[in-house]
Amino acid sequence: MSADKGILVLAECDEGGLCDVSLELLSEGRRFADRLGDELSAVLVGRDNPALVNRLSEHGADKVYLLDSPLLENSVEFQAQALSNLVRERKPRILLCGATSFGRDIAVRLAAALKTGLASNCTALSLSEDGLLVQTKPVYRDKASANVICPTARPQIATVVPGVLDVKRAKVTRQAEVIRVAPRLDTSVPCAKAVRFAKGDPKTMSLDEAPVIVSGGRGVGSRENFRLLEKLAEVLGGVVAGSRMAVDEGYIPSTKQVGQTGKTVTPKLYIACGISGSVYHTMGMKDSKTIVVINKDRSAPMFNMADLGILGDLLTIVPAMTNELIMISQASAEESLRQS
Amino acid sequence: MQVVVCVKQVPDAEGPITVDTAANNIRKGWLPDVLNPYDRLAVEEATLIKEMCGGGGVTALCMGSPSATEVLRTCLAMGADRAILLCDPALDNSDSYATGVVLAKAIAALKLPYDLILCGARAIDTNTGLTGPTIAQILRLPLVTEVVKIDVHDHEKAIVHKKLEAGNRAVIETPLPALLTVESGINTPRYLKLRAILAASMKTVEQYDLQALNLVPDEVGLAGSKTKVVSIAPPKPRGKKLFTPDSSLSAAERMRLIMSGGIAQKASSGLLEGDPRTVASRFVQFLKEKKLISGPPPGRG
Ligand SMILES: Cc1cc2nc3c(=O)[nH]c(=O)nc-3n(C[C@H](O)[C@H](O)[C@H](O)COP(=O)(O)OP(=O)(O)OC[C@H]3O[C@@H](n4cnc5c(N)ncnc54)[C@H](O)[C@@H]3O)c2cc1C
């Protein structure tokens, strides 16, 4: 066990490049590595991109492993196989993954294959005096928080909720050493394969999955006015929801109610229009990442939650927002046409 | 189609659970323990698959204390044909990994027939999600996690939808037998009629101990577990600051803050106002700063 050294971070990408959670994990991993006198590595699956490697270096990676094989393309099973081979060979003592659908999927497969423990959906990490990873995670539907360790098996694997750790650029400038690995894969085992990707449709998406929610209350005034919110939601790729009053007034169906007696939501962006901010409502949306509030009453409690508070009449402000967004998306479309 | 569903009995987290920091455990509320909500979805799905395929059987398999016979009876009432409880003091305190080992070895030792094994995506008490994948690893089965749709084709393969972020789905084809873990949204579990509950109470729940399963004590319980809970605490409020009413405010104002759940002031120091167009462009600027939308690419000269 004592031979296990080093910290490995699973680096994840989306259309926007490296995911924020991967940088968060690197920053935390760097801190641990410095304390343990260890090496910090990142592993990228199937992407050879110097820009990505530079960003990983900036955030503290000493080494970057690039796992590349055409077989990895549509099979998380092969990806997990390649990663577990890498882990067996390099023996990191800690492996950190984002608690994203990709990270969660990989982490459970690795823990099972490597016969080690896993702490899922951690909200904090620390090192104990003897250098063990102490993993803090919610249990019992968030009614308690447990500190979990993995005393003997290696690596210690954690998935960490995006957005709970700070991102810091490394103090020392590094140029990570790049190690290309062509994984040896056992293709004889029966295996599930992704055949298609189906993009989420805001029209049918459930509230708890929506990345953007435009929510309206009694202040919206009528079902017709709710059309304004729908248009804004549409340009933002989000869905419409509302307060209990909006449901009671018949502006939206009860399945779209947010709050204590409705749904609990955690979108990236929650835009509250004409909602006063009763605790029954805020209970259901307080964990939204970014909250924008539009209300004409300066003393509406809803403003207390706002990252951006807008004082004014939603009936004129919401359409103006929609127009502004349409304009910039057209501008960027024209710009990319001109560039090509 | 033969389906094995692995289920767990958990404290009802809808109820008043409190944390006992001294005992390093939770204090359960007065509500009885329940079938893990994700496992309920798995049992429902297994029953639907059996009905759809016009035959076969559903076996509900649980590792737990003697009181877990109750959740197995729920499974029987929902349509399971056979219910099996793996029960032995040596199994207490198994973590997700050790539980997976026990269930996999039980499936093998008892020669349970299966074309498909279903598990919940996670149990709400421990919130780990490793049990299903461990079973798949030991039985060398293809695995798909967090599934929200299952279409079975001729006992040979299944096309399933896996839940990704932002409402996206991956459509995945897997040969059978396979292990799938199911995520919320896959179905709405049936409402249990009294008659079904009564009928289930008459059925037997088979019970096996360590010896019957050819398991050695090292593999199970605390000894077989890889993780250890060192402490447990009430949840910490995340992100936003705790509320302290500002005594300089009027009583009415303080009341309003308390009514709103006392979430600390963030933006009230600077509310945005003005004509709609200006406000709207500031809003768009804000979204860009927060990287919620990408701006137009920088113009060239
Ligand atoms: C047991 C219980 C459970 C409940 N559960 C829920 C729940 O799950 N979800 C929920 O939402 N509520 C719930 N409620 C109701 C809750 O207490 C509030 O009544 C409700 O949230 C208020 O909805 P509202 O903010 O839309 O309406 P109001 O409180 O009427 O507020 C309307 C707001 O719109 C503003 N406004 C009006 N016109 C405009 C305009 N043109 N432009 C800008 N702003 C404007 C006003 O200034 C005001 O702030 C529950 C209540 C109880 C007792």
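Residues numbered from 1 in each chain as written. Chains lettered and ligands numbered in written order. Predicted model: local features only at pLDDT ≥ 70, side-chain atom pairs only at ≥ 80, totals over all residues. Heavy atoms only, no water.

Chemist: Would you mind showing me how to read the sheet that holds strand E11 (residues 156–160) of chain A here?
Modeler: Paired through backbone hydrogen bonds, the strands of a sheet run either parallel or antiparallel to each other. Residues and elements named next belong to chain A. An order of E7-E11-E6-E1-E4-E5-E12 is seen for the 7 strands of this open sheet, with the pairing classed as parallel. Of all the strands in the sheet, the pair left with one neighbour each is strand E7 (118–122) and strand E12 (177–181). On average, each strand axis in the sheet is inclined to that of its neighbour by 20°, with strand direction left out of account. Sheet strands touched by helix H4 (residues 101–113): strand E1 (7–11), strand E6 (94–98), E7 and E11. Its angle to E11, the strand with the most contacts, is close to 165°. (Pairing = 2+ DSSP bridges. Helix = DSSP H or I, 4+ residues; strand = E, 2+ residues; numbered from the N terminus. Axes fitted to C-alpha atoms, helices over the stretch in contact; angles between N-to-C directions. Contact = heavy atoms within 4.5 Å.)

Chemist: How should the interface of chain B and chain A be read in this particular structure?
Modeler: Size of an interface, as often reported, equals the accessible area lost when the parts are brought together. On the chain A side, the residues contacting the 86 residues of chain B number 86 residues. When chain B packs against chain A, the two sides together hide about 7,500 Å² of surface, and 59% of this comes from carbon and sulfur. Area buried by chain B at its contact with chain A is led by Lys226, Leu271 and Phe283 of chain B, which between them contribute 8% of it. At the boundary of chain B with chain A, the tally comes to 5 salt bridges. Here Asp105 of chain A ties to Lys162 of chain B by a salt bridge, and the two come within 3.1 Å at their closest N and O atoms. Our enumeration of links across chain B and chain A arrives at 29 residue pairs in polar contact (both at pLDDT 80 or more). Taken together, the elements giving at least two residues each to the side of chain B that touches chain A come down to helix H1 (37–52), helix H4 (131–139), strand E9 (143–153), strand E10 (157–163), strand E11 (169–175), strand E14 (228–233), helix H7 (251–259) and helix H8 (276–289) of chain B. (Buried area = accessible area lost by both parts, 1.4 Å probe. Salt bridge = Lys/Arg side-chain N within 4 Å of Asp/Glu carboxyl O. Polar contact = N/O pair within 3.5 Å; in protein donor to acceptor, adjacent residues only side chain to side chain.)

Chemist: Can you help me understand the pairing of E7 of chain A in this one?
Modeler: The two faces of a sheet get side chains in turn, since along a regular strand they alternate between them. Residues and elements named next belong to chain A. The buried fraction of E7 amounts to 5 of the 5 residues, a majority that puts the element mostly inside the structure. Sheet topology places E7 next to E11; 3 bridges connect them, and they run parallel. Residue Leu118 lies in a different strand from E11, and its bridge partner there is Ile157. (Buried < 20%, exposed > 50% of the residue type's maximum accessible area, 1.4 Å probe, protein only.)

Chemist: Looking at this structure, I do not really get the site of the ligand. What am I missing?
Modeler: Residues and elements named next belong to chain A. In the neighbourhood of the ligand, 24 residues make up the surrounding shell, with Ser243, Gln257, Ser276, Asn295 and Asp313 lying closest. Residue His281 places a side-chain N or O atom 2.8 Å away from an oxygen atom belonging to the ligand. Asp313 is positioned such that a nitrogen or oxygen atom in its side chain is 2.6 Å from a nitrogen atom of the ligand. Protein contact buries 79% of the 990 Å² of open area that the ligand shows by itself. Of all the elements in the fold, those that place two or more residues in the shell around the ligand are helix H6 (244–248) and helix H7 (279–282). Counted by class, the shell around the ligand contains 5 nonpolar, 14 polar and 5 charged residues. (Near = heavy atom within 4 Å. Areas by Shrake-Rupley, 256 points an atom, 1.4 Å probe, with all protein chains shown as cover. Nonpolar A, V, L, I, M, F, W, Y, C, P; charged D, E, K, R; others polar.)

Chemist: How should the packing of aromatic side chains be read in this particular structure?
Modeler: In this description, an aromatic ring pair is defined by two values, namely the gap between the centres and the angle between the planes. Under the counting rule described, the total for this entry stands at 1 aromatic pair over all chains. Each ring, one from Phe226 of chain A and one from Tyr251 of chain A, has its centre 6.0 Å from the other, and the planes form 50°; the classification is tilted. With Phe226 of chain A in helix H5 (residues 223–235) and Tyr251 of chain A in the loop between H6 and strand E16 (269–273), this pair connects stretches of sequence that are 25 residues apart. Lying over the aromatic face of Tyr38 of chain B, Arg122 of chain B brings its terminal NZ or CZ to 4.9 Å of the ring centre. (Phe/Tyr/Trp six-rings, centres within 6.5 Å; stacked < 30°, edge-to-face > 60°. Lys NZ or Arg CZ within 6 Å of the ring centre and 35° of its normal.)

Chemist: What am I meant to see in the packing of H4 of chain A against H4 of chain B here?
Modeler: When two helices pack together, their arrangement is given by the angle between the helix axes and the distance between those axes. At a minimum axis distance of 8 Å, the contact between H4 of chain A and H4 of chain B shows a crossing angle of 50°. Accordingly, the angle class assigned to the pair H4 of chain A and H4 of chain B is oblique. Crossing hand, H4 of chain A versus H4 of chain B: right-handed. Contacts between H4 of chain A and H4 of chain B involve Val108, Arg109, Ala112 and Ala113 of chain A from the former and Pro133, Thr134 and Gln137 of chain B from the latter. (Parallel < 35°, antiparallel > 145°, perpendicular 65-115°, else oblique. Left-handed = near helix turned anticlockwise from the far one by under 90°.)

Chemist: Got a minute to help me understand the packing of helix H2 (residues 69–78) of chain B against helix H5 (residues 194–202) of chain B in this structure?
Modeler: Residues and elements named next belong to chain B. One can describe the packing of H2 onto H5 by two numbers: an axis separation of 8 Å at closest approach and a directional angle of 125°. In terms of orientation, H2 lies oblique with respect to H5. The two elements H2 and H5 cross, and the hand of that crossing is right-handed. Across from Arg73, Leu76 and Ala77 in H2, the residues of H5 making contact are Ala196, Ile197, Ala200 and Ser201.

Chemist: It is not clear to me how the pairing of strand E6 (residues 57–63) of chain B should be interpreted in this structure. Could you clarify?
Modeler: Residue and element names in this part refer to chain B. Counting buried residues along E6, 7 of its 7 residues qualify, which places the element largely inside the surrounding structure. Every second residue of E6 is oriented toward a common face, with Gly57, Thr59, Leu61 and Met63 on one face and Val58, Ala60 and Cys62 on the other, all of them buried. Bridging between strand E1 (residues 2–7) and E6 involves 6 bridges; their strand directions are parallel. Among the inter-strand pairings, Val7 is bridged to a residue of E6, identified as Cys62. As defined by bridge partners, E6 adjoins strand E7 (residues 82–86) across 5 bridges and the pair is classed as parallel. What sits directly across from Thr59, in E7, is Arg82.

Chemist: Which parts of the structure should I look at to understand the sheet that holds strand E10 (residues 144–149) of chain A?
Modeler: Read from one edge of the open sheet, 4 strands run E8(A)-E9(A)-E10(A)-E14(B), paired in antiparallel fashion. A strand with exactly one partner marks an edge of an open sheet, and here the two such strands are strand E8 (124–127) of chain A together with E14 of chain B. If you compare each strand with its neighbour and ignore which way they point, the axes differ by 25° on average. In this sheet, E14 of chain B lies alongside E10 of chain A in antiparallel orientation, the contact comprising 5 bridges. Note that in E14 of chain B the partner of Asn147 of chain A across the bridge is Ser231 of chain B. Contacts from helix H1 (residues 20–36) of chain A reach E8 and strand E9 (133–139) of chain A within the one sheet, and its direction differs from that of E8 of chain A by about 10°.

Chemist: Is there a simple way to think about unusual backbone geometry in this case?
Modeler: Put simply, Arg154 of chain A and Pro155 of chain A share a cis peptide bond, and its omega is -5°. Mapped onto the elements of the fold, Pro155 of chain A is located in the loop between E10 and E11. Between Leu176 of chain B and the following residue, Pro177 of chain B, the backbone shows a cis peptide bond with an omega angle of 0°. Even without glycine at this site, Arg141 of chain A takes up a positive phi of about 50°.

Chemist: Would you take a moment to explain a nonpolar patch on the surface for this structure?
Modeler: On the surface, a cluster of nonpolar side chains totalling about 300 Å² of accessible area is made up of Leu194, Ile197 and Leu198 of chain B. Assignment of secondary structure puts Leu198 of chain B in helix H5. (Patch = residues over 30% accessible without salt bridge, like charges linked within 9 Å, V, L, I, M, F, W, Y side chains within 5 Å.)

Chemist: Sorry if this is basic, but what is going on with H4 of chain A here?
Modeler: Quick reminder: α-helices carry 3.6 residues per turn. Residues three or four places apart thus point the same way. Residue and element names in this part refer to chain A. The end-to-end C-alpha distance of H4 is 19 Å, a good match for the 18 Å that 13 residues give at a rise of 1.5 Å each. Taken across its 13 residues, H4 has 11 buried, putting it largely inside the fold. Turning to H4, its buried residues number three or more, namely Ser101, Gly103, Asp105, Ile106, Ala107, Val108, Arg109, Leu110, Ala111, Ala112 and Ala113. Positive backbone phi, at 50°, marks Lys115, one or two positions downstream of H4. (Expected span 1.5 Å × (residues − 1).)

Chemist: How should the pattern of salt bridges be read in this particular structure?
Modeler: Close approach of charged atoms allows side chains with opposite charge to pair. Residue and element names in this part refer to chain A. A complete count under the given rule lists 30 salt bridges over all chains for this structure. Here Arg169 ties to Glu58 by a salt bridge, and the two come within 3.2 Å at their closest N and O atoms. A residue pair is termed long-range when its members are at least 10 positions apart, and Arg169 in the loop between E11 and E12 and Glu58 in helix H2 (residues 50–58) qualify at 111 residues. A relative accessible area of 59% means that Arg169 is categorised as exposed. Taking the relative accessible area as the measure of exposure, Glu58 reaches 32% and is therefore partly exposed. Linking Lys286 and Asp287 is a salt bridge whose minimum nitrogen-to-oxygen distance equals 3.6 Å. Because the salt bridges share partners, they merge into one network encompassing Arg30, Asp34, Asp62 and Arg174.

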